[in-house]
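Chain residues, written in single-letter form:
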Amino acid sequence: MSSLSRELVFLILQFLDEEKFKGTVHRLEQESTFYFNMRYFEDMVTNGEWDEVEKYLSGFTKVDDNRYSMKIFFEIRKQKYLEALDKRDRAKAVDILVKDLKVFAAFNEELFKEITQLLTLENFRDNEQLSKYGDTKSARDIMLGELKKLIEANPLFRDKLQFPALKNSRLRTLINQSLNWQHQLCKNPRPNPDIKTLFVDHSCGQPNGARAPSPVTNPLMGAVPKAGGFPPLSAHGPFQPTPAALPTSIAGWMTNPSPVPHPSPSAGPISLATNNAGALLKRPRTPPTNNPAMDYQTADSELVLKRSRPFGMSDEANNLPVNILPVAYPSQNHGQSSYSSDDLPRSVIMTLSLGSGVKSMDFHPVQQTLLLVGTNMGDVMIYELPSHERIAMRNFKVWDLGTCSAVLQASLSNDYTASINRVMWSPDGTLLGVAYSKHIVHIYTYQGGDELRNHLEIEAHVGSVNDLAFSYPNKQLCIVTCGEDRVIKVWDAVTGALQHTFEGHEAPVYSVCPHRKERIQFIFSTATDGKIKAWLYDNVGSRVDYDAPGHSSTTMAYSADGTRLFSCGTNKEGDSYLVEWNESEGAVKRAYHGLGKRSVGVVQFDTTKNRFLAAGDEFMVKFWDMDNVNLLTSTDADGGLPASPCIRFNKEGILLAVSTNDNGVKILANTDGIRLLRTVENRAFDASRVASTAVVKHPAIGTFGSPNIAGGTNIGDQAAPGVAIVGLNNDGRSLADVKPRIAEESIDKSRIWKPTEINEPSQCRSLKLPDNLTAMRVSRLIYTNSGLAILALASNAVHKLWKWQRNDRNVSMKATTSVAPQLWQPTSGILMTNDISDTNPEDAVSCFALSKNDSYVMSASGGKISLFNMMTFKTMTTFMPPPPAATFLAFHPQDNNIIAIGMEDSSIQIYNVRVDEVKTKLKGHQKRITGLAFSHVLNVLVSSGADSQLCVWHTNGWDKQTSKFLKISSGRTASALADTRVQFHQDQIHLLAVHETQIAIYEAPKLECPKQLKSVSSCHCGTSIRTQSVCTRTYRWWSLCT
């Protein structure tokens, strides 16, 4: 639909509103999707017209379009569900749960289970998060405020919340003008024409020689009515209509190649014949019809796409931070206006000297102070920015020359050097890829520190491998490469097997940009002749043949939220182009000004914060606001930059790496970036910014998570052991398990582990936990996984829970010694008390394990194992009476129906809650089990016992892989029943073992011991390096000073 047609819709909307056709107005708003009437939406929400609310919303977005849309629909359906519960209409609540809320279980199963648990409460306000839920009206008002923020932040509603500023009765005025013009064209115009119809052009019948009246003084359609609805909201400025849309969206580029050369995009839109495969990539607003190529217009109608760097891995929707109670989203950025040029990293804070020229850089996707660099000498380096140190390096070396082609062997015999064209991290940072100028792609595994291991060596192309990227077709991690041989290839990231080969370019392929739309995966590729092609993973051929601006060598990238597509390139004449593409038309939406006319080399660019663009050009870094074609600002980074420097933002956009003329890298930062580097440098480890599989070079002792970090997901409703608990059942195969082709180079592993010693009182802080219950010895004490509370199990089998409350001194509610937590109990006043049978709880071995989202605790104090609801403290079920008694509990990390139970008789029972039976018994210890820890990366269970022995069991067949006794120092004698606790590091490979005589670090699964620390004094309570120890009846919580 053209922009004029779009404007006509607005005129019709105004006319209908003035004529009081309210129902038709809102129907047209929904069907055209040009204007979202917030006032109408507010009225429906306030009145609780939920079906109409969702029907109106469905014209603009679907549940799974993006995270904002998902939250919008979730808040609405959650409110409807709570209102049904408040009216005690359980049947309706169940119906809403099954029909409306179950869709969210696929994205957040634990949250769905928590919502389901509300059905078991007499009053859902007994749930702590809902304790402040007021009446229906106030709850709707709170939710409406959040919905408005989400809608304003949702890119699909961009330019749809403001009705254009129109004069009253604009459509009538235009028709009057048209009729007056027609009347002036009459051969014999009458002075007072009688207009009886608009269906045909006006013409005066009888000649009378009179002149046509003035268009201004003769309103042929009668008086203009007074101002009606749709008042202009001038605070947001005039409405900007979107450009005309073609019968194909950005996904419509995926069409059969045209045999006719296409014009440059600047010359206008391209007509593409849509086939079924191309139509699949479109996101219709309404259910599909019999016409697979039906057009659904406008760029905003497209699904919010994900950024290609880092690509895939986990959607944001999979980890929605949604709450049961409608609360604010303080961390959410609603709109782009909150950013300014001050947010750009422009202050030089450090310079790294590499020794060779930088060709490519990439920041770690999660540990954002790690920088990966590839050079023109073939060197791969990882730098830890806070310490300014290079922590890992690999030189160019073919791992297995004998398997290489004769062409490559001949090339290497003449010149055994290669430059790097691209380095890139995988989405989770556990792999990194390197594309070389000679045939080869190397894939390394990275588990933190300098642990860089050979994983795959692929002879990917004949000649140079120009680009490399990671993608996730069919939920399988793959590597996409392109090269001088004009081919794009897709490889399995685990095995290195070739999966797809795409041929069709007539020049060397310069870059690739994998992307996805819903379940459709595709790849953009660009060639040195300026051609852009797109491919599905089906080996059918290119879906588009398109010209880049100026026929330049181009790279393409999406904004971080995937809603906007940009490209930057330089042609053979040195002309550079930085443009944004119109996703509806496949045409250039805007071309940015400010790039040099004669660039040296291909200009590199990057995007950040969904707001800014940056490019290295003319010995400086230039910045643009995405919404303004003019140059925003620039910096020369204190000089010393090459003509076209290589640049790269970190994920948050607070750091910027820029290559220098003297074989170095300058790190630029904004205020947040400077604060991040200083914080990490001071602490040596910043746990809030570390991936689950990545560590920095010198981790503090606090790098080990809580003992139940690998616990299963939230437990669903369970009335008896026979009731199934829905598990994840994810594939836990580790990419790191794949063996390299040849033996890896030796690594000085001692550099990885340098724990900080805590030997001065000033390094610790303590806090006495308030307790108005009976004071008893504490048997077990742990953090909750959220870090908001501490759970204790006393020797009398009673659990106690302390929570930090939000106040001025502790806004985050996180655990701290600065503010005392409160002993918490539900309003019912009941206690979580374990079954003790005929045993004396003072003599029993106590144990417990928390579910992943802290909603449930599995616990035992010498009697039966109990399952408690942490929200209500109610006992859900008990099972497995002694003897033997349980001495340690652990959830399987990938299936929370499976529980590992360490027993007093030295056995380990693998218990399936779903079928209420012991699946297998593991025997290998001589004394009771004192510790259990799962590794979801290695698929192993490590057990420890009072016999000072560690055993490794493979979780597939539960066979024992290896075992090892702790090395007791000479002169030390362990107690007969000394506890040994085990806990996996966040990398899921290194294992912490704590014994009364020592603290040791092992590498699973072989149990090699790279580090054994000093002996420690005996403590008979639950001890963990990260948690706290209590040895008396006084609750005292300790933390390391920061």
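None of these values were measured; they are calculated from a predicted model. (Residues numbered from 1 in each chain as written. Predicted model: local features only at pLDDT ≥ 70, side-chain atom pairs only at ≥ 80, totals over all residues. Heavy atoms only, no water.)

Examining the packing of helix α5 (residues 67-86) against helix α6 (residues 90-101)
Next up, step 1: The interhelical angle for the contact between α5 and α6, taken along N-to-C directions, is 165°, at an axis separation of 8 Å. With respect to α6, the axis of α5 lies roughly antiparallel. Of the two elements, α5 crosses α6, and the hand of that crossing is left-handed. The residues of α6 that touch α5, namely those facing Phe74, Arg77, Lys78, Lys80, Tyr81, Ala84 and Leu85, are Arg90, Lys92, Ala93, Ile96, Leu97, Asp100 and Leu101. (Axes fitted to C-alpha atoms, helices over the stretch in contact; angles between N-to-C directions. Helix = DSSP H or I, 4+ residues; strand = E, 2+ residues; numbered from the N terminus. Parallel < 35°, antiparallel > 145°, perpendicular 65-115°, else oblique. Left-handed = near helix turned anticlockwise from the far one by under 90°. Contact = heavy atoms within 4.5 Å.)

Overview of helix α2 (residues 22-32)
Next up, step 1: Taken residue by residue, α2 has Val25, His26, Glu29, Gln30 and Ser32 as its buried positions.
Next up, step 2: Against α1 (3-18), α3 (38-46) and α4 (50-58) lie the buried residues of α2. (Buried < 20%, exposed > 50% of the residue type's maximum accessible area, 1.4 Å probe, protein only.)

Digging into the packing of aromatic side chains
Next up, step 1: All told, the structure shown has 23 aromatic pairs when counted by the stated rule.
Next up, step 2: Centre to centre, the rings of Phe36 and Phe60 are 5.1 Å apart; their planes meet at 85°, and the pair counts as edge-to-face. Taken together, the residues span a long stretch of sequence, with Phe36 in the loop between α2 and α3 and Phe60 in the loop between α4 and α5 at a distance of 24 residues.
Next up, step 3: Seen in terms of ring centroids, Tyr40 and Tyr56 are 5.1 Å apart; in terms of plane orientation they differ by 85°. Their pairing is edge-to-face. Here Tyr40 is found in helix α3, whereas its partner Tyr56 is found in helix α4, with 16 residues between them in sequence.
Next up, step 4: Cation over ring: Lys803 sits above Trp824, and NZ or CZ is 4.0 Å from the ring centre. (Phe/Tyr/Trp six-rings, centres within 6.5 Å; stacked < 30°, edge-to-face > 60°. Lys NZ or Arg CZ within 6 Å of the ring centre and 35° of its normal.)

Examining the sheet that holds strand β40 (residues 907-912)
Next up, step 1: Here we have four strands laid out as an open sheet, ordered β38-β39-β40-β41, and antiparallel in their pairing. Either end of the sheet is taken by a strand with one partner, and the two such strands are β38 (886-891) and β41 (917-923). Strand-to-strand twist of the sheet, defined as the mean angle between neighbouring strand axes without regard to direction, takes the value 25°.
Next up, step 2: Here strand β39 (residues 898-903) pairs with β40 via five bridges, running antiparallel. Note on β40: the bridge partner recorded for Ala900 is Ile910. (Pairing = 2+ DSSP bridges.)

Brief notes about the UniProt feature "repeat: WD" (unreviewed entry) in the protein
Next up, step 1: The sites that UniProt annotates as "repeat: WD" (unreviewed entry) are residues 458-501 and 922-953.
Next up, step 2: Between the first and last C-alpha atoms of residues 922-953 the distance is 8 Å; the span itself is 0% helix and 62% strand. (UniProt positions renumbered as here; feature names shortened; annotations may be inferred.)

Details of the environment of Ser969
Next up, step 1: Looking at where Ser969 falls in the secondary structure, it is placed in the loop between β45 (960-965) and β46 (980-984).
Next up, step 2: In this structure Ser969 comes out as partly exposed when scored by relative accessible area, which is 34%.

Here's the deal with the nonpolar core
Next up, step 1: If you look at the biggest cluster of nonpolar residues, it comprises 45 residues, and the most contacted ones within it are Phe36, Phe41, Leu57, Tyr81 and Leu101.
Next up, step 2: For Leu57, the contacting residues outside a window of four places in its chain are Phe36, Phe41, Ile72, Phe73, Ile76 and Phe157.
Next up, step 3: If you look at the next biggest cluster of nonpolar residues, it comprises 28 residues, including Ile458, Cys482, Val490 and Val509. (Core = buried A, V, L, I, M, F, W, Y, C linked by side-chain atoms within 4.5 Å.)

Digging into the pairing of strand β10 (residues 465-471)
Next up, step 1: Counting buried positions along β10 gives seven out of seven residues, so the element sits mostly inside the fold.
Next up, step 2: Across six bridges, β10 lies against strand β11 (residues 478-483) in antiparallel orientation. Within β11, the position partnered with Ser471 by the bridge is Cys478.

A few points about the pattern of salt bridges
Next up, step 1: Enumeration over the complete set of coordinates arrives at 32 salt bridges.
Next up, step 2: A salt bridge links Arg648 to Asp362; its shortest N-O distance comes to 3.3 Å. Of this pair, Arg648 sits in strand β26 (residues 647-649) while Asp362 sits in strand β2 (residues 358-363), and the two are 286 residues apart along the sequence.
Next up, step 3: Looking at Asp362, the relative accessible area reads 2%, which means it is buried. (Salt bridge = Lys/Arg side-chain N within 4 Å of Asp/Glu carboxyl O.)

Side note on the sheet that holds strand β7 (residues 431-436)
Next up, step 1: Spatially, the four strands line up as an open sheet ordered β6-β7-β8-β9, and their pairing is antiparallel. The sheet is open, and its two borders are formed by β6 (420-425) and β9 (452-459), each paired with just one other strand. Across this sheet, the average inter-strand angle for adjacent strands is 20°, counted without regard to direction.
Next up, step 2: Sheet topology places β6 next to β7; five bridges connect them, and they run antiparallel. Paired with Met424 across the two strands is Gly433, which belongs to β7.

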